[in-house]
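A closer look at the structure
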Amino acid sequence: MNQDYIKPDNWSILEEGFDVERVESSESLFSLGNGAMGQRANFEEQYSGATFQGSYIAGVYYPDKTKVGWWKNGYPEYFAKVLNAPNWIGINILINGEMLDLYRCKEVRNFRRELNMKEGWYERSFTAVLQNDLEVEVKITRFLSIHRNELGAINFEVEVLNSDATVVFEPYIDSGITNEDANWEEKFWQTLDVKTEEHRAYITSKTLKTEFHATAFMQSQLLKNGKVLSEEATEVIFEEKISFRYTVEAKKGEKVSLQKFGGYVTNMNHKKEDLVPAAKAVLESALKAGFVTLKKEQKEAWEKIWEMADITIEGDVKAQQGIRFNIFQLNQTYLGEDARLNIGPKGFTGEKYGGSTYWDTEAYCIPFYMATKDHHVARNLLTYRYNHLGKAIENAEKLGFSNGAALYPMVTMNGEESHNEWEITFEEIHRNGAMVIAIKRYVEYTGDYSYVPEKGLEVMIAIARFWQQRANYSSQKDKYVILGVTGPNEYENNVNNNWYTNYLAKWCLEYAISNIEKVKIDYPGDYDRVMDKTGLKVDEIAKWQEVADKMYFPYSEEYKVFLQQDNFLDKEIIPVSELPKAQRPINQKWSWDRILRSCYIKQADVLQGFYFFEDHFPKEELEKHYDFYEPLTVHESSLSPCVHSIQAAALGRMDQAYQFYLRTSRLDLDDYNHEVKEGCHITSMAGTWMSVVEGFGGMRVVEGKLSFNPKIPNGWNSFSFKVNFRNQILKVSVAPGKTGFVLEGNDFLEILVNEKSIVVEPNNLVSV
Ligand code: BGC
């Protein structure tokens, strides 16, 4: 089906016209979040057509027992998932006794959705003719407050156009919910307490096994023509559901509405026994402020976010809408104030990938958060992994490693490995290297080295121990090899000597050694503490050096490129351009067997290495490897186009860079992979940001200085972005042939533009 139904607009995501086939996709695209909770854009009122109900609370997860056919040692016990939480948005509407249900209406006209990204709210409006011939005009506004992150608000307005009518609003909360994605159809929540108090309702439930306690709550008020009515409500309490019934007589043309406030409080932030009083306090202050003030607060909160994070693009509305959608979703998912939380690949927009943490955070998300927020946010993301170091050591022990070697999980909620697939997920040991890359990038970008002696060095040592033990000496090659891995390209499993993995391992070993030396000299107190804690011996370091020095890298003399893995050239090498369109995406059209023996690459693999270690190779090497691997790449991971866009820009191939940019920025809006109904690709959205800032802006850190190499795609009049570099805010505006820099604050900043040094004075435009 055609998925380009989203209307281009600079600041909003717009849908016009009602199509039952699009409901689930739109539920993903119009999702809301505030970092602490999020929800798909499900209808508040009853809907009997196909829908995917989803409401999620950050950090609240369930360990669903792993489902594998033949159990083997080392498999994880469970698959962690952020689970669908009790529903607080529901409002049934009855008009003269008939239930409003868009699936059953005689006619739906003027259906429109708007996700206003500038101000952070979602609105849906339509005119519907019910089976009883009543014609109603409906407008619903909803948002999840950034400022009060346990609160959401809904204004549901109804006007009967062709008659006087009795309108009944039935707001409810319901903890009888299920997950679409469940291994054994188990129940995840147990309802503990259902309680009302005046117009307020609370349902407290706990997750089974993990024992998270959450209270979902609501309070509503009825309005006629904008004035609050003091109507009484009758309440109906079921085992897992509470609803109130508000009845109002509306004259033809009169607007009646229900304002509903609701949300969650959990024992992550309150004592278990205080949940109901905490919920009551949220409701009382919300009611006191009122819907209008809350919406104004929301606008202000988003203004502040955009002030720093916005990227403007002039002359290309689709590109502008794409990047803002990405920035908006990233901020809806993670705001960085809580080191217990992280960024799930689908954020709060779906259940796939279980809301768990992947290498995506370290490999893709860190740069965005580092540059658009205060530096403590990126530090929180690093600290999240530091806090999981003990578990990473346990993970490695379970697989037979020793002496404090750590293997970070590919998928995790609490530090434990928790996925279902062996060859793909567990064998992707390259993720261990991404943990160290993130530290390196953090230090380089923020200049805050203190993280290394305080926390990072321990992580580096444990990871170096892992690589040294995981590599084995091949006497035949007189080299160290790393066997039986999966690289970032998941369309090859259980391969030997994946170049990316080997290169990363070597680099991690050397980086750990050089940081140990630096900490020893500059931070002797921390050095002693870390040596004591880790029990690191000098001969161990010598062994690391030996493995690093003798690491094996598969190489083709014929093509003069590093090979993705041993024997890559045994494959039939046929470029993707020769694959019939009907056979793509191959992950939906081909058997797994056929994919594995093909030469097709899911996402950047060798090129991922060239992305991280760009400065290790001359540009001609990048070009050669890009020309060899890109034509074999199907980009069937959302993480793929952004890296290729950056590299195409670096190589001056602006048309291709632009095509990849559109693909990454509009991946969900235009549903390139035909799966947006499962949720949006949140982590790759940070890659979209990188493709503007690092790709078109050419931003890098070179010897402690920001460096730019700006380029602009054809057809764009200009683009601009802001970065927080070492607590100085720099705005960069690029137009054809001209780049402007404006610095906030009082200090000057020396930057490099096309390799030339330039000094930017505060509050003074510098044009180059
Ligand atoms: C990608 C992985 C990624 C995961 C979650 C997979 O499709 O191949 O690299 O970590 O999605 O985003």
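Residues numbered from 1 in each chain as written. Predicted model: local features only at pLDDT ≥ 70, side-chain atom pairs only at ≥ 80, totals over all residues. Heavy atoms only, no water.

The name recorded for the protein chain in an unreviewed UniProt entry is Glycoside hydrolase family 65 protein, from Salinimicrobium flavum. The UniProt entry for the protein chain carries the following comment under Sequence similarities (unreviewed entry): "Belongs to the glycosyl hydrolase 65 family." (UniProt positions renumbered as here; feature names shortened; annotations may be inferred.)

**A few points about the overall build of the protein chain**
Secondary structure assignment for the protein chain yields 19 helices and 32 strands. By the compact-globule yardstick of 27 Å for 768 residues, the protein chain fits well, its C-alpha radius of gyration being 27 Å. Counting across all 768 residues of the protein chain, residues that qualify as buried make up 63%. Counted over contacts in the protein chain with a minimum sequence separation of 6, partners at least 24 positions apart contribute 69%. (Helix = DSSP H or I, 4+ residues; strand = E, 2+ residues; numbered from the N terminus. Rg over C-alpha atoms; globule rule 2.2 N^0.38 Å. Buried < 20%, exposed > 50% of the residue type's maximum accessible area, 1.4 Å probe, protein only. Contact = heavy atoms within 4.5 Å.)

**Some words on a negative patch on the surface**
A cluster of acidic side chains, namely Asp164, Glu231, Glu232 and Glu249, defines a negative patch on the protein surface. In this fold, glutamate 249 is placed in strand 18 (residues 241-250). (Patch = residues over 30% accessible without salt bridge, like charges linked within 9 Å, V, L, I, M, F, W, Y side chains within 5 Å. Areas by Shrake-Rupley, 256 points an atom, 1.4 Å probe, with all protein chains shown as cover. Salt bridge = Lys/Arg side-chain N within 4 Å of Asp/Glu carboxyl O. Lys, Arg positive; Asp, Glu negative; His and termini not counted. Charge placed at Lys NZ, Arg CZ, Asp CG, Glu CD.)

**So, the layout of surface pockets**
To find leftover empty space, one rolls a probe the size of a water molecule over the atoms. Here the largest pocket is characterised by a volume of approximately 1,000 Å³. What lines the largest pocket is a set of 37 residues, among which Glu614, Met699, Arg700, Val701 and Val702 lie closest to the centre. Taken together, the elements giving at least two residues each to the lining of the largest pocket come down to helix 4 (360-372), helix 8 (431-446), helix 15 (606-612), helix 16 (619-629), helix 17 (640-650), helix 19 (682-696), strand 25 (700-702) and strand 26 (705-708). In terms of residues, the lining of the largest pocket owes the most to one element, helix 8, which gives five residues. Here the lining of the largest pocket is composed, by residue class, of 20 nonpolar, six polar and 11 charged. Here the second largest pocket defines a volume of roughly 890 Å³. (1 Å grid on protein atoms, 1.4 Å probe; cavity = no way out; pocket = protein on both sides within 12 Å on 5 of 7 lines; lining within 4 Å. Points joined across faces, edges and corners; volume = space filled by probe spheres on them. Nonpolar A, V, L, I, M, F, W, Y, C, P; charged D, E, K, R; others polar.)

**Here's the deal with the sheet that holds strand 5 (residues 78-84)**
Reading across the sheet, the four strands line up as 2-3-4-5 and stay open at both edges, with antiparallel pairing between neighbours. The strands lining the two open edges of the sheet, one partner per strand, are strand 2 (32-33) and strand 5. Sheet topology places strand 4 (residues 55-65) next to strand 5; six bridges connect them, and they run antiparallel. Within strand 5, the residue paired with proline 63 across the bridge is alanine 80. (Pairing = 2+ DSSP bridges.)

**Re the sheet that holds strand 26**
Strands sit in the order 25-26-30-31 across an open sheet of four strands; the sheet is mixed. Strands at the two margins of the open sheet, each flanked by one partner only, are strand 25 and strand 31 (756-760). Going across the sheet, the axis of each strand differs from the next one's by a mean of 40°, ignoring polarity. Taken together, the five bridges between strand 30 (residues 749-753) and strand 31 define a ladder with antiparallel strand orientation. Note on strand 31: the bridge partner recorded for leucine 752 is serine 757. (Axes fitted to C-alpha atoms, helices over the stretch in contact; angles between N-to-C directions.)

**Quick look at the pairing of strand 1 (residues 12-16)**
Within strand 1, four of the five residues are buried, leaving the element largely enclosed by the surrounding structure. The sheet contact formed by strand 1 and strand 8 (residues 107-116) spans five bridges and is antiparallel. Across the sheet, glutamate 16 pairs through a bridge with arginine 112, a residue of strand 8.

**A short note on the environment of glycine 484**
With respect to the helices and strands, glycine 484 occurs in the loop between strand 22 (479-481) and helix 10 (499-522). Note: C-alpha distance between glycine 484 and glutamate 427 (57 residues apart in sequence) is 7.1 Å. What glycine 484 contacts, discounting residues up to four positions off in sequence, is Glu427, Arg470, Asn494, Val495 and Asn496.

**Overview of the side chain of threonine 361**
By the secondary structure assignment, threonine 361 is in helix 4. Overall, the relative accessible area of 0% leaves threonine 361 in the buried class. Every residue in contact with threonine 361, bar those within four places of it in the chain, is listed here: Asn342, Ile343, Ile366 and Leu381.

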